[in-house]
Amino acid sequence: MTRYLGYRILSSLVVILGAATIIFVAIRAVPGDPALVVLGPSATPEQVAALRTEYGLDGSLLGQYMHFLARMATFDFGSSFRLGMPATQAISQAFTATLSLALAALCIALMIGFPLGILCALRPNGWSDRIISSLSMTGQALPSFWVGIMLVMIFSRMLRILPSGGAETPEAILMPAVTLALPLLSIIVRLVRSGLLEVLGEGYVQTARAKGLREPRVVGRHALRNMLIPVVTVVGLELGGLLGGAVIVETVFAWPGLGRLLIDSIAARDYSVVQACVVVLVLGFVSINLIVDLLYGYLDPRVRVGS
Amino acid sequence: MITRPADTLLSVDSLAVRFGGNEDAFLAVEDVSFDLRAGETLSLLGESGSGKSVTAQAIMALLPRNAAITSGRIVFAGEDLVSLPRSRTRDLCGTRMGMVFQDPLTALNPVFTVGDQIAELFRVRQGLDRRAAWLAAAEVVDAVGIPDARRRLDAYPHQFSGGMRQRLVIAMAIALKPRLLIADEPTTALDVTVQAQIMELIRDLQRETGMSLLLITHDLGVVADVTDRVAVMYAGRIVETGPVRDVYDNPAHPYTRGLMSSIPSLEESPGLLAAIPGMPPNPKERPSGCPFHPRCAFARPVCSVERPALRAMGDRRKAACHFAEEVVRLDPVS
Ligand SMILES: Nc1ncnc2c1ncn2[C@@H]1O[C@H](COP(=O)(O)OP(=O)(O)OP(=O)(O)O)[C@@H](O)[C@H]1O
Ligand SMILES: [Mg+2]
């Protein structure tokens, strides 16, 4: 188990290093000098050169890269050209905002998706199953920006009960979270439904019934626990997509998260913040995968290593 | 009305089970009747698809969603299970009747320890606390011959061999001392060497507890040793029933005769199975008249027209063949 964990952590580090390298190169491949963007077209060459020195952009590319890696190891990404503060400070607030948005969306997707999926599986092809299943198909096909705009139209323009954007009031998180949750929720409904249907045909479910256990216990304990194994795997993979979806949803709802910060920083060629955002997002992604893997071993004793 | 011995525990009467919806519906079990007395063993024999498992599922209220009992009665300890709500029958499962399934590899839940699964019976059905249930579980696991039972309770099913897993399934089935044990091909999925041990175990447990046993099997060798009476099923119906020796030595139905001659005897070279020619009929298009007639060596014109009733042959036997009296007088098969 320790060896496996060590291997997983090592490969996660490789992924992060790779992502950091790619973004380092990619952001520099985008035309536009950050010093010029900050100072504007009327800047003198002396001013530009001074700023480039101040932000460490005057050395060779390899030198800059080594410097970037060395500082990244201590979680220091340099300072933001645009905001005039350390990049880590700039992203820490945005990170919290994105994390709460993603967690809220995950909670919504799980808390609604599981019961609906179970409901479908208990009466397959019944009327509730047909309605829920077709809704979930639709829910997955709708683009997030469209859903977001529709929600704003209904709840902000027409009913005037929710703010159309920002994060000033606690209820402001509702619409972006629902928008972000919708595709994941649809996937969960269908995964839970098919997973449970499959598991309900298994021998051990018959055994549980033959023991005289009541149906809620048969489903809730014996079937559900086995159904979780495939569901957790897929949900884990989809969580990565949730981070990606957050970028779009944050733009629609002006949610002050990593996605919006990333887009604004790319526009301003704010290298340090862009690099910090990407590294943090990738770090989040690999941590989720690691957690899912460990959870998987916990849920399924057959794959537990070293037992 | 037929009078039944006072100690009849289970009495299945004209049972019919239908599968499927309107167009593709078919009867998997039709007009099946048999009695089982306290402590007695009855074997249900028959080829694959003849309706043995469906009969067992009907008794245990374990029929799948697309199946329904369309007629008949299942009287268990004086109560008609067919007219009871499913939840009431469920209450009898585990406590009054237990079931052992064919495939021990899938019959145990892979994500719970075996102790957990067995103790659950004592906790949920008898209200024992965690500790007492665990001790009780250790006791039954010990009783089914698993060495070092106490320690093995913490293991997961995949850590046991097939034979050991079947012992665990049996432990669950008999844990609450049911009066009826239904064993649906309990040895089919096991190694030959283990099969005998499992049958031995079931017999020993039956002897100790005096429970009745409904044994479903393909294996005629097993039947001869443990059973009192046999009922032979073909295409959803019982075609012959009687005491095991009588049926074995002088089958009264050509299908039974065919089954008997398909037992590989030790003298013959293995692989020389005189199996019954042809295939069992598709349940959706069963032949007219006697369902066995297309495969029957004794078939005559009347067989394709008129379905033979299951009629008495002497006081303890029944057979559903127009020419049962002739068949029974043929030379013994082996
Ligand atoms: N879940 C199901 N859905 C549809 N048909 C079924 C189902 N289970 C059983 N049947 C049908 O019912 C008939 C009887 O099946 P059953 O399982 O009782 O056979 P069996 O005698 O136990 O055979 P085996 O020796 O293979 O276990 C078969 O024709 C089978 O196809
Ligand atoms: Mg069967």
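Residues numbered from 1 in each chain as written. Chains lettered and ligands numbered in written order. Predicted model: local features only at pLDDT ≥ 70, side-chain atom pairs only at ≥ 80, totals over all residues. Heavy atoms only, no water.

Per an unreviewed UniProt entry, the recorded name for chain B is ABC transporter ATP-binding protein, and the organism is Microvirga puerhi. Quoted straight from UniProt, the Subcellular location (unreviewed entry) entry for chain B says "Cell inner membrane". (UniProt positions renumbered as here; feature names shortened; annotations may be inferred.)

By the naming in an unreviewed UniProt entry, chain A goes by ABC transporter permease and is assigned to Microvirga puerhi. UniProt, in its Sequence similarities (unreviewed entry) section for chain A, records the words "Belongs to the binding-protein-dependent transport system permease family." Per UniProt, chain A carries the Subcellular location (unreviewed entry) text "Cell membrane".

## A short note on the overall build of chain B
A count of helices and strands for chain B gives 12 helices and 12 strands. Structurally, chain B occupies a C-alpha span of about 70 × 50 × 40 Å along its principal axes. Taking all 334 residues of chain B together, the buried fraction comes to 53%. Surface exposure of chain B reaches about 15,100 Å², of which carbon and sulfur atoms provide 51%. (Helix = DSSP H or I, 4+ residues; strand = E, 2+ residues; numbered from the N terminus. Buried < 20%, exposed > 50% of the residue type's maximum accessible area, 1.4 Å probe, protein only. Areas by Shrake-Rupley, 256 points an atom, 1.4 Å probe, with all protein chains shown as cover.)

## Remarks on the sheet that holds strand 8 (residues 212-217) of chain B
Residue and element names in this part refer to chain B. Taken together, eight strands build an open sheet; the order of strands is 6-7-8-3-9-10-12-11 and the sheet is mixed. This sheet does not close on itself; its edge strands, each paired only once, are strand 6 (97-100) and strand 11 (311-313). Between one strand and the next, the sheet's axes are offset by a mean angle of 20 degrees, whatever the strand orientation. Across five bridges, strand 3 (residues 41-45) lies against strand 8 in parallel orientation. Each bridged residue has a counterpart across the sheet, and for Leu 45 the counterpart in strand 8 is Thr 217. The sheet contacts of helix 8 (residues 192-209) involve strand 3, strand 7 (180-184) and strand 8, and relative to strand 8 the element is tilted by about 160 degrees. (Pairing = 2+ DSSP bridges. Axes fitted to C-alpha atoms, helices over the stretch in contact; angles between N-to-C directions. Contact = heavy atoms within 4.5 Å.)

## Examining the site of ligand 1
All names here are of chain B. In the vicinity of ligand 1, 16 residues are found, and the nearest of them are Ser 48, Gly 49, Ser 53, Val 54 and Glu 185. Isolated, ligand 1 exposes 630 Å² of accessible area, and the fraction of that covered by the protein chains is 69%. Of all the elements in the fold, those that place two or more residues in the shell around ligand 1 are strand 2 (26-37) and helix 1 (52-60). Per-element tally for the shell around ligand 1: the top contributor is helix 1, with three residues. Of the residues belonging to the shell around ligand 1, the class tally is six nonpolar, seven polar and three charged. (Near = heavy atom within 4 Å. Nonpolar A, V, L, I, M, F, W, Y, C, P; charged D, E, K, R; others polar.)

## Some thoughts on the domain arrangement of chain B
Residue and element names in this part refer to chain B. Once the domains are mapped, chain B shows domain 1 (1-104 + 179-227) and domain 2 (251-266 + 273-334). Centre-to-centre, using C-alpha coordinates, domain 1 lies 23 Å away from domain 2. Between domain 1 and domain 2, the residue contacts involve nine residues of the former and 10 residues of the latter. Where domain 1 abuts domain 2, roughly 850 Å² becomes buried across the two surfaces, and 58% of that area is made up of carbon and sulfur atoms. Three residues, Phe 26, Glu 47 and Leu 220, lead the burial of domain 1 against domain 2; their summed loss comes to 59% of the area buried on that side. Counting across the interface, domain 1 meets domain 2 through two salt bridges. With a shortest N-O distance of 3.7 Å, Arg 286 and Glu 30 are connected by a salt bridge. (Domains from an automatic or database assignment. Buried area = accessible area lost by both parts, 1.4 Å probe. Salt bridge = Lys/Arg side-chain N within 4 Å of Asp/Glu carboxyl O.)

## As for the sheet that holds strand 5 (residues 79-80) of chain B
Residue and element names in this part refer to chain B. Pairing within the open sheet is antiparallel, and its four strands lie in the order 2-1-4-5. Two strands lie at the open edges of the sheet, namely strand 2 and strand 5, each paired on one side alone. This element, helix 1, spans strand 1 (8-19), strand 2 and strand 4 (67-76) of the sheet and lies at about 115 degrees to strand 1.

## Description of helix 9 (residues 203-210) of chain A
Residue and element names in this part refer to chain A. Counting buried positions over the eight residues of helix 9 gives seven, a clear majority of the element. Among all positions of helix 9, only Tyr 204, Val 205, Gln 206, Thr 207, Ala 208, Arg 209 and Ala 210 are buried. Downstream of helix 9 by a residue or two, Gly 212 has a phi angle that is positive, lying close to 85 degrees.

## Regarding the UniProt feature "transmembrane region" (unreviewed entry) in chain A
All names here are of chain A. The UniProt entry lists residues 7-27, 101-122, 142-161, 173-192, 227-253 and 273-299 under the feature "transmembrane region" (unreviewed entry), expressed in the numbering used here. Within residues 7-27, the helical portion is 100% and the strand portion 0%, while the C-alpha atoms at the span's ends are 30 Å from each other. Secondary structure across residues 101-122 divides into 100% helix and 0% strand, with the first and last C-alpha atoms of the span separated by 32 Å.

## Observations regarding the pattern of salt bridges
If you walk through the whole model with that rule in mind, you get 24 salt bridges over all chains. For B:Arg311, the salt bridge goes to B:Glu325, with nearest N and O atoms at 2.9 Å. Taken together, the residues span a long stretch of sequence, with B:Arg311 in strand 11 and B:Glu325 in helix 12 (residues 324-328) at a distance of 14 residues. The exposure class of B:Arg311 is partly exposed, given its relative accessible area of 27%. Residue classification places B:Glu325 among the partly exposed positions, given a relative accessible area of 34%. Residues joined by salt bridges that share partners form a network here, namely A:Lys211, A:Arg217, A:Arg221, B:Asp116 and B:Glu120.

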